[in-house]
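What follows is each chain in one-letter form.
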Amino acid sequence: MIIPDVSVSPRFLTQDDRIAIADGPRTGKPPTTIAAVIGKSTSTVYREIARRKKEDGSYAPWWAQNQALLRRQRPKTEKIRDHAPLRIVVREKIDEKWSPQQISRYLRRQYPDEPQMHACAETIYRGLFAGLLGRRQGRLRTGRTRRKKQRRGVPSPNKIKNMTLIRDRPTIVNERSRPGDWEGDLIIGRGQRSAIGDRRSGRWSTGPSASCVWLSQPAATVRTLPTPPHPTL
């Protein structure tokens, strides 16, 4: 069946890319050179050849393009729903508290020559949350009963609006000369004596005198230094 080629996203290989991949070995170009020409990573070229080659081991770009379009068609029937042996194995492993990632790797090792018995972790999650593997409550070690949406390539928004990133902070912050720039921890030791320490610089303000001490590594010895300009937070 021939599927019309419709551009979906620049991250997918086009038919011209696949023609370049097929012509590369004939002209003596290595995969690294082919990847640079089409603007993709070298692993993409290797993966494309391994996934789309024919039974005789040859790579035909037009056949590979049509196979890619067939795989891209949606909606698809769930693999776990259609294949009962796969569903039984996955359900047994979930009952044993295996994670979907562990099950996916196990299927690849246990059934290397049976693609119908392979399932990625996302497929297992979908089957579980769709009710194909029994009740959802208590099946995952995380306790989650709903699918967490996967948005590859879309950065998650910051929880704090207009937040200043660490890499954008002023240089003076790294000098630790102001009390507000310390990344402090409160430490309570023998006799209920307390100390406030800076994680990054290793400086500490201890007791009423607020003297600054240095904890050296790895001997973990403490020596007293002069009181800093701003000894407390």
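Cut-offs used in this document
- Residues numbered from 1 in each chain as written.
- Predicted model: local features only at pLDDT ≥ 70, side-chain atom pairs only at ≥ 80, totals over all residues.
- Heavy atoms only, no water.
- Helix = DSSP H or I, 4+ residues; strand = E, 2+ residues; numbered from the N terminus.
- Buried < 20%, exposed > 50% of the residue type's maximum accessible area, 1.4 Å probe, protein only.
- Contact = heavy atoms within 4.5 Å.
- Areas by Shrake-Rupley, 256 points an atom, 1.4 Å probe, with all protein chains shown as cover.
- Salt bridge = Lys/Arg side-chain N within 4 Å of Asp/Glu carboxyl O.
- Phe/Tyr/Trp six-rings, centres within 6.5 Å; stacked < 30°, edge-to-face > 60°.
- Lys NZ or Arg CZ within 6 Å of the ring centre and 35° of its normal.
- Axes fitted to C-alpha atoms, helices over the stretch in contact; angles between N-to-C directions.
- Parallel < 35°, antiparallel > 145°, perpendicular 65-115°, else oblique.
- Arc of directions from axis to C-beta.
- Patch = residues over 30% accessible without salt bridge, like charges linked within 9 Å, V, L, I, M, F, W, Y side chains within 5 Å.
- Lys, Arg positive; Asp, Glu negative; His and termini not counted.
- Charge placed at Lys NZ, Arg CZ, Asp CG, Glu CD.

Trainee: Describe in detail the overall build of the protein, supporting the description with residues and values.
Mentor: Of the regular secondary structure elements, the protein holds nine helices and five strands. Mapped from its N terminus to its C terminus, the protein presents α and β elements in the order α-α-α-α-α-α-α-α-α-β-β-β-β-β. Buried positions account for 30% of the 233 residues belonging to the protein. Sequence separation of at least 24 residues holds for 40% of the intrachain contacts in the protein that already meet a minimum separation of 6. A total accessible area of about 16,800 Å² is found for the protein, and carbon and sulfur atoms account for 52% of it.

Trainee: Just give me the short version of the pattern of salt bridges, but keep the residues and values in it.
Mentor: Think of it this way: side chains of opposite charge can pair up when their charged atoms draw near. Applying the stated rule across the entire model yields six salt bridges. Two residues, Arg-26 and Asp-23, come together in a salt bridge whose shortest N-O distance is 3.0 Å. Taken together, the residues span about one helical turn, with Arg-26 and Asp-23 both in helix 1 (residues 15-26) at a distance of three residues. Across the pair Glu-78 and Arg-81 runs a salt bridge whose closest N-O atoms are separated by 3.0 Å. One connected set of salt bridges, linked through shared partners, spans Arg-18, Glu-48 and Arg-52.

Trainee: Lay out the packing of aromatic side chains with the relevant residues and their values.
Mentor: All told, the structure shown has two aromatic pairs when counted by the stated rule. An angle of 25 degrees between the planes, with centres 6.0 Å apart, marks the rings of Tyr-125 and Phe-129 as stacked. Here the residue Tyr-125 and the residue Phe-129 both occupy positions in helix 8 (residues 121-129), the gap between them amounting to four residues, near one helical turn. Taken individually, Tyr-125 and Phe-129 each receive the classification buried, so the pair is uniform in this respect. One Lys or Arg, Arg-72, reaches over the ring of Phe-12 and ends 4.6 Å from the middle of that ring.

Trainee: An account of the packing of helix 3 (residues 42-52) against helix 4 (residues 61-72) is needed here, citing residue identities and associated values.
Mentor: Running from amino to carboxyl end, helix 3 crosses helix 4 at an angle of 90 degrees, the nearest separation of the two axes being 10 Å. One way to sum up the angle between helix 3 and helix 4 is to call them roughly perpendicular. Facing helix 3, whose interface residues are Glu-48, Arg-51 and Arg-52, helix 4 presents Trp-63, Ala-64, Ala-68 and Arg-71.

Trainee: Help me get a handle on helix 7 (residues 100-110), residues and values and all.
Mentor: Listed as buried for helix 7 are Pro-100, Ile-103, Ser-104, Tyr-106 and Leu-107. The buried residues of helix 7 occupy one face: seen down the axis, they fall within an arc of 165 degrees. Exposed positions of helix 7 whose direction lies more than 90 degrees from the buried face are Arg-108 and Arg-109. In this structure, the buried residues of helix 7 make contact with helix 6 (84-95) and helix 8.

Trainee: So what's going on with a positive patch on the surface? Which residues, and what values?
Mentor: Residues Arg-47, Arg-51, Arg-71, Arg-74 and Lys-76 make up a contiguous surface patch of positive charge. For Arg-74, the location among the structural elements is in the loop between helix 4 and helix 5 (79-82).

Trainee: Describe in detail unusual backbone geometry, supporting the description with residues and values.
Mentor: Of note, the phi angle at Lys-97 is positive, near 70 degrees, even though the residue is not glycine. Classification of Lys-97 by relative accessible area gives partly exposed; the value is 42%.

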